[in-house]
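# Coordinate analysis (summary)
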Amino acid sequence: MNTTQRTALVTGGNRGLGAAIARALHDAGHRVIVTHTPGNTTIGQWQQAQATQGYSFAAYGVDVSDYESTQELARRIHADGHRIDILVNNAGITRDATLRKLDKAGWDAVLRTNLDSMFNVTKPFIDPMAERGWGRIVNISSINGSKGQFGQTNYSAAKAGVHGFTKALAQEVARKGVTVNTVSPGYLATEMVMAVREDMRQKIIDAIPVGRLGQPAEIAALVAFIASEAAAFMTGSNVAMNGGQHMS
C-alpha cells in the first residue's frame with residue numbers, strides 16, 4: 001500500500017474494467033472518484049453495492065466526448081475540495097462495422113469518446129499535477145490499437161492514437177514529476193465479451209496462447225502499480241497485457 005494517500009479519477013469507473021481499476025486504486029489506499037454517463041439513474045445503487053464490499057467512491061456524471069462537459073466536471077471536482085493526483089482515462093465505446101458500412105456518426109462517436117476524451121479530460125488536470133510536482137496519468141488503449149481488428153477501423157484508429165498522445169505528453173511533463181503511460185489490454189472476461197455467443201467467444205479464447213480470457217482485476221493491478229510511487233521511472237510506455245495474443 002502507498003504511504004501517501006492520493007486522489008484518483010477513473011473515467012467510466014462504474015462498470016467493467018473501470019470498476020476493477022477503481023477498486024484496485026481504493027485497495028492501494030487512495031481516494032477514488034469515478035465518472036459515469038450523464039443521466040445514469042442507477043449510479044446510487046451501484047455506489048451502495050460497492051459500499052457493502054468496503055469501497056467508497058464519489059461519482060460524477062460527464063460526457064467525456066464533450067469539452068465543455070469535462071471542464072464543468074473539473075470545476076465541480078475542485079469545488080468539492082478534491083485535487084486529482086492520478087487520472088485513468090478509461091471511458092470508451094465501440095460502434096463496429098466494416099469501413100464500407102460504417103457511417104460518419106459511428107466514426108465520430110468512437111473518435112470523440114475514445115480519443116478526443118484524452119484531451120478533454122486530461123487538459124484541466126495536467127497543469128495542477130505539474131505545479132505540485134507529482135502526477136500519474138494512465139491511458140487505457142487496446143490490443144486492437146496495435147494489431148488492428150476487422151470491423152474496427154474507428155476503434156483501432158482511436159486506440160492507436162491514445163498511445164501517440166501518451167508519448168508526446170510524457171515528454172512534455174517528464175521533468176515535472178508527472179508520468180504518462182498506456183495500458184493495452186487484450187480480451188477480458190467483461191460483461192461485453194461474456195455476452196458474445198459461446199462459439200464466437202471460444203474462437204477468441206483459441207487465439208490467446210494462455211488459453212483464457214484476462215480478468216479485469218489483472219489489468220487493474222497493473223494500473224495500480226503504474227500509479228504508485230514505485231513506478232516513478234516509467235513514462236511514455238505502452239504495457240500490453242493480452243495473454244500473448246499479440247507480441248510486439
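Up top you'll find the structure we're talking about.
On a predicted model such as this, the values are computed, not experimentally measured, just so you know.

### Side note on the pattern of salt bridges
- Counted under the stated rule, the structure contains seven salt bridges.
- Close ionic contact of Glu229 with Arg6 constitutes a salt bridge, the shortest N to O distance being 2.8 Å. Pair noted here: Glu229 is in the loop between helix H9 (216-226) and strand S7 (238-241) and Arg6 is in the segment before strand S1 (7-10), with a separation of 223 residues, a long-range link.
- Note on Arg6: relative accessible area 12%, which makes it buried.
- Taking the shortest distance from any N to any O, the salt bridge between Asp85 and Arg132 comes out at 3.4 Å. With Asp85 in the loop between helix H3 (67-79) and strand S4 (86-89) and Arg132 in helix H4 (residues 104-132), this pair connects stretches of sequence that are 47 residues apart.
- Note on Asp85: relative accessible area 3%, which makes it buried.

### Things to note about the packing of helix H1 (residues 16-27) against H9
- Interaxial distance between H1 and H9 falls to 8 Å at its minimum, and their mutual angle equals 50°. In terms of orientation, H1 and H9 fall into the oblique class. In this structure, H1 crosses over H9, and the sense of that crossing is right-handed. On H9, the residues that touch Leu17, Ala20, Ile21, Ala24 and Leu25 of H1 are Pro216, Ala217, Ile219, Ala220, Ala221, Val223 and Ala224.

### Remarks on the packing of aromatic side chains
- Taken as a whole and judged by the stated rule, the model has three aromatic pairs.
- Ring geometry for Trp46 against Phe57: centres 5.5 Å apart, planes inclined by 15°, an arrangement best described as stacked. Of this pair, Trp46 sits in helix H2 (residues 43-51) while Phe57 sits in strand S3 (residues 57-61); the two residues are 11 residues apart in sequence, bridging distant segments of the chain.
- Centre to centre, the rings of Tyr55 and Phe57 are 5.9 Å apart; their planes meet at 10°, and the pair counts as stacked.
- You can call Phe57 buried: its relative accessible area is 7%.

### Details of the packing of H3 against H4
- The interhelical angle for the contact between H3 and H4, taken along N-to-C directions, is 30°, at an axis separation of 9 Å. With respect to their mutual orientation, H3 and H4 come out roughly parallel. When you trace H3 past H4, the crossing you get is right-handed. Note on element contacts: H4 touches H3 through Phe119, Asn120, Val121, Lys123, Pro124 and Phe125, opposite Tyr67, Thr70, Gln71, Ala74 and Ile77.
- Split by residue class, the contact of H3 with H4 holds seven nonpolar, three polar and one charged.

Calculation criteria
Residues numbered from 1 in each chain as written. Predicted model: local features only at pLDDT ≥ 70, side-chain atom pairs only at ≥ 80, totals over all residues. Heavy atoms only, no water. Salt bridge = Lys/Arg side-chain N within 4 Å of Asp/Glu carboxyl O. Helix = DSSP H or I, 4+ residues; strand = E, 2+ residues; numbered from the N terminus. Buried < 20%, exposed > 50% of the residue type's maximum accessible area, 1.4 Å probe, protein only. Axes fitted to C-alpha atoms, helices over the stretch in contact; angles between N-to-C directions. Parallel < 35°, antiparallel > 145°, perpendicular 65-115°, else oblique. Left-handed = near helix turned anticlockwise from the far one by under 90°. Contact = heavy atoms within 4.5 Å. Phe/Tyr/Trp six-rings, centres within 6.5 Å; stacked < 30°, edge-to-face > 60°. Nonpolar A, V, L, I, M, F, W, Y, C, P; charged D, E, K, R; others polar.

That's the geometry; what it means functionally is another story.
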